[in-house]
Structures are given as structure tokens and as C-alpha cells.
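Each chain, written out:
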Amino acid sequence: MRHCITPSDFTLKELDDLFDLAADIEKNPEKYAHACDGKKIATLFYEPSTRTRLSFEAAMMNLGGKALGFAGASQSSAAKGESVADTIRVVSCFADIAAIRHNKEGAALVASQFSDIPVINAGDGGHEHPTQTLLDMMTIRQLKGRLSNFTIGICGDLKFGRTVHSLVKTMARYEGVHFVFISPPELKVPDYIIDLLDEKGYTYEECIKLEDVITKLDLLYMTRVQRERFFNEEDYIRLKDFYVLTEKLMRSAKKDMYVLHPLPRVNEISVEVDKDPRAAYFKQVQYGVYVRMALILTLLGIRVD
Ligand code: CP
């Protein structure tokens, strides 16, 4: 039985296969419409979500299956003190696969160790968000036609942004990726990520001002400041509008510099940028459904010929 706890659970070949499958699903949705007839996904969301939970549920329904679950720890027996280990044992009796989001780092890994069904990490605290990375990569591959030889700017809350951690660790496995980390000093990318890049000899730079580097970027990955991970509100208020990507800033970027964002957006991308053809953040959401359909099929070992 396979789980998806971190993108490193997959080899580069397996990632390519997954993206190929997602691309085929996009082209031929009817071919997959009954692939999961009779199957169920449980979405165990202890933390708020719009995209990830609904996208997993839509993915299973598009495959002919059904979805059940809870949205919020207070809706589950976690409110009475039940452990993640016990919850997943119970859910294994009801569903064929589970996607879990939790505020504690490592919760999905723990769930996988006690589960009788495949477990997907749908975000664990400030740690990782592997399926967001899969859809980010799928979007880049579809828009740029490759996953290597880029200068990618990653801007915003690089400390608490779990999507950033999964994305950097995964993109660093491809050839010729140069990272430009753009953040206020308080929200710099964690040392363990920098150590990993140093260890492997990858090139990166760190800076504070987006306007200083935007002209050289092939891709720009914006992120929001993660209010829910701050220890005090004052710091959040001081940092929340540190970056705002505007039409004016976009004018100095390359003509094919796509802008990605895991969403939700707060203020860090001005709504006037939405009409720019380089704004790819709503396309990412659509690719998220195809990638999650591909992941469900892969983890359940279902082949559609
Ligand atoms: N990108 C993302 O994880 O969005 P949600 O928090 O709405 O699931």
C-alpha cells in the first residue's frame, strides 16, 4: 500500500507518469468517469480549506466514486480527544482512501502508520503540502512545456508557507533550477531547506525587494503571509502587506513570466493582475483536480486502458 506524505515519496519517473496521466484525464475525462465506481474517499480536514478538500471530493466524484468526511476538528471526535491514529483506523472501515489536513506537522505521517488504506497529506501544519506541489508542477509543465532550467522567484512567507517547502524540495530535483527567495528577514526560508540546497549544490539567492529581481524571473510563485501560524497579531499586521504584486510591477517582468499562487490570496496580488494572461493561479486550481484524480488512481492501483 502506498501513501503520499511528501512529494519525495515519488521518483521523478513516477512524477512524470502522474503528470502524463493527469494530462490524459484533462483530454479524455469520459474515459475515467467510472474508474472508481463503488470507491470512497474520506476527507479528514482538521484545518480550514476551500480548494484542497473540495478538489479531492470533486476528483473522486469525477472518477465515479463518492466522498465523505469532516471539515473542522470541532465536527469530529477530535473535539472529544480522539487521536489521529484511532481516527484513521476507524475511517479505514468506511473508505478506500483518505486525505488528511492537520495543524500539526507529521500528523499525516502518523495517520499513514496506523492506516489500512492509502493516506494523502493534504497539508500538515507549516511543514508540507505535497498535492499542492503536484498541481504547481503540473501547471508549470503545461504552461512552459518543461520542469527544468528555470529561474523561479518565490515570494512572501517562506518560513511558514508549507506549499513553498514542498515546492522547493521537489523543484530542486530537476536540472538547472535557480531559486530566488524573496521575503522579509523574519519570514526567510527555513535553514533546513537552505542546507538541503547547499548539500546538493543548487544555486539560490535571497533578497528582500521583489522589484530588484522581477526582471530576471521565468516564474513567480507568490504566497500569502500565514496569519494562523503567527505567535502574535502585531507581527502579522506589520508583515501582511509587505508585498503587493501590481500591474505596474508586472510591466517590468518577462513577457512569459507566469505568476503562480497556491491561494487563498489576501492582498499580495492586486486583482488588476488577474486579467494579465500570465496570471496562472486559477488555472492551477483546475489542474489540481486532474492531478488529484491521477493520484487517487495511482494510489489505488487502478489502471484505465
Ligand atoms: N491551496 C490550498 O491549500 O487552499 P485551501 O487552504 O483552500 O485548501
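Since we're looking at a predicted model, the values are computed, not measured. (Residues numbered from 1 in each chain as written. Predicted model: local features only at pLDDT ≥ 70, side-chain atom pairs only at ≥ 80, totals over all residues. Heavy atoms only, no water.)

Caption draft 1: Seen up close, the side chain of Arg162. Tracing the chain through its elements places Arg162 in helix H6 (residues 162-171). Using a relative accessible area of 7% as the deciding quantity, one classes Arg162 as buried. Apart from the residues lying within four places of it in its own chain, the contact partners of Arg162 are Glu47, Arg101, His102, Gly123, Asp124, Gly125, Gly126, His127, Glu128, His129 and Arg229. (Helix = DSSP H or I, 4+ residues; strand = E, 2+ residues; numbered from the N terminus. Buried < 20%, exposed > 50% of the residue type's maximum accessible area, 1.4 Å probe, protein only. Contact = heavy atoms within 4.5 Å.)

Caption draft 2: Looking closely at the environment of Asp191. Within the secondary structure layout, Asp191 lies in helix H7 (residues 191-200). Among the residues examined, Asp191 registers a relative accessible area of 61% and is labelled exposed. Along the sequence, Asp191 and Leu135 sit 56 residues apart, while their C-alpha atoms lie 25 Å from each other.

Caption draft 3: Summary view of the pairing of strand S3 (residues 97-102). Of all six residues in S3, six are buried; the element is thus mostly enclosed. Of the two faces of S3, both are covered, the one formed by Ile97, Ala99 and Arg101 as well as the one formed by Ala98, Ile100 and His102. Where strand S1 (residues 40-45) meets S3, five bridges bridge the pair, whose relative direction is parallel. By the bridge assignment, Phe45 is partnered in S3 with Arg101. Summarising the sheet, S3 and strand S4 (residues 119-124) pair through four bridges and their orientation is parallel. (Pairing = 2+ DSSP bridges.)

Caption draft 4: Representation of helix H10 (residues 281-300) in the model. The end-to-end C-alpha distance of H10, which contains 20 residues, comes to 29 Å, matching closely the 28 Å that a straight helix rising 1.5 Å per residue would cover. Across the 20 residues of H10, 14 count as buried, placing the element largely inside the fold. Immediately beyond the C-terminal end of H10, within one or two residues, lies Gly301, with a positive phi of roughly 70°. (Expected span 1.5 Å × (residues − 1).)

Caption draft 5: Structural context of the environment of Val291. Summarising the element assignment, Val291 is placed in helix H10. Exposure remark for Val291: the relative accessible area of 0% places this residue in the buried category. Spatially, the C-alpha atom of Val291 lies 9.4 Å from that of Gln132, the residues being 159 residues apart in sequence. If near-sequence neighbours (up to four positions away) are discounted, Val291 is found in contact with Ala22, Leu134, Leu135 and Met138.

Caption draft 6: Spotlight on the site of the ligand. All residues in the neighbourhood of the ligand are listed as Ser49, Thr50, Arg51, Thr52, Arg101, His129, Gln132, Pro262 and Leu263. Note that an oxygen atom of the ligand is positioned 2.9 Å from one of the side-chain N or O atoms of His129. Coverage of the ligand by the protein amounts to 91% of the 260 Å² it exposes when considered alone. If you count residues domain by domain, the shell around the ligand takes at least three from each of domain 1 (7-127 + 287-300) and domain 2 (130-284). (Near = heavy atom within 4 Å. Polar contact = N/O pair within 3.5 Å; in protein donor to acceptor, adjacent residues only side chain to side chain. Areas by Shrake-Rupley, 256 points an atom, 1.4 Å probe, with all protein chains shown as cover. Domains from an automatic or database assignment.)

Caption draft 7: Seen up close, the sheet that holds strand S7 (residues 204-207). One open sheet accounts for five strands, arranged S7-S6-S5-S8-S9; its pairing is parallel. In this open sheet, the two edge strands, each paired with only one partner strand, are S7 and strand S9 (258-260). The average undirected angle you get between the axes of adjacent strands in this sheet is 20°. Sitting on the sheet, H6 touches strand S5 (150-155), strand S6 (177-182) and strand S8 (219-222), and the angle it makes with S5 is about 165°. (Axes fitted to C-alpha atoms, helices over the stretch in contact; angles between N-to-C directions.)

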